[in-house]
Amino acid sequence: MPPHFGHIGSYLPGDTFASRLELRLTGMHRPVRAGIAGSQHTGAESIVLSQVYEDDVFSEDEIIYTGQGGRDPKTGHQVTSQVANDRNLALMKSQETGQPVRVIRKVTDEGSGAQVFRYEGLYRVLSYEYGLGKSGVGVWRFRLVPERLAAGQLPTA
DNA sequence: TCCATGCGCGGCC
DNA sequence: GGCCGCGCAGTGG
């Protein structure tokens, strides 16, 4: 399947998905486990925030998405410095191309209390930087903003 | 607790 | 360019 950027079918921001498998079946986010979908050549199509990377920040008008790697699965802390691997390169490519990235976030569904994946909509990678994270090792930080805010926020802000 | 599964990359025709 | 094998991952049964 060729890469697909932008919305998928008739799915809208706010729609929820029960599992990573469902995200894959619908084409929202194809990798079964990885958080970044895409390649270093075409850019990132979609990302998942699963509340497992300690340096992530999610707010109303901005997302700081930590790059892939360096994480100890047992402790959840960053233990080795991240490198510019293919998945991180994919997000850098997105910053270059300006292609929209689908953002999906794992949240607790009010009511059922179940963990679901919520489609947050299309974002753009405005910038990225490399620096020390909370645990003191190097991490990539990708700054994404909702597509509708990206246009009016280009060089200024 | 353990491990399957799908994908991108790189090596090799 | 196409095929194959490897390594790895923001899971999940």
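This report concerns the structure included in the present document.

Thresholds applied
Residues numbered from 1 in each chain as written. Chains lettered and ligands numbered in written order. Predicted model: local features only at pLDDT ≥ 70, side-chain atom pairs only at ≥ 80, totals over all residues. Heavy atoms only, no water. Helix = DSSP H or I, 4+ residues; strand = E, 2+ residues; numbered from the N terminus. Rg over C-alpha atoms; globule rule 2.2 N^0.38 Å. Buried < 20%, exposed > 50% of the residue type's maximum accessible area, 1.4 Å probe, protein only. Pairing = 2+ DSSP bridges.

## Digging into the overall build of chain A
Consideration 1: The helix and strand tally for chain A stands at three helices and eight strands.
Consideration 2: Counting helices and strands in the order they occur from the N terminus, chain A gives β-α-β-β-β-β-α-β-β-β-α.
Consideration 3: A compact globule built from 157 residues should have a C-alpha radius of gyration of about 15 Å, and chain A, at 15 Å, falls within 12% of that.
Consideration 4: Considering only C-alpha atoms, chain A reaches an extent of 40 × 40 × 30 Å along its principal axes.

## Some remarks on the pairing of strand 6 (residues 101-108)
Consideration 1: For strand 6, a buried count of six out of eight residues is recorded, marking the element as mostly surrounded by other parts of the structure.
Consideration 2: Here strand 3 (residues 43-49) runs beside strand 6; their pairing, made up of four bridges, is parallel. The partner of Leu 49 across the bridge, within strand 6, is Arg 105.
Consideration 3: Bridging between strand 6 and strand 7 (residues 115-132) involves eight bridges; their strand directions are antiparallel. Looking across to strand 7, one finds that Arg 102 is bridged to Leu 122.
Consideration 4: With antiparallel pairing between neighbouring strands as the criterion, strand 6 and strand 7 make up a hairpin whose turn holds six residues, including Gly 111 at a positive phi of roughly 105 degrees.

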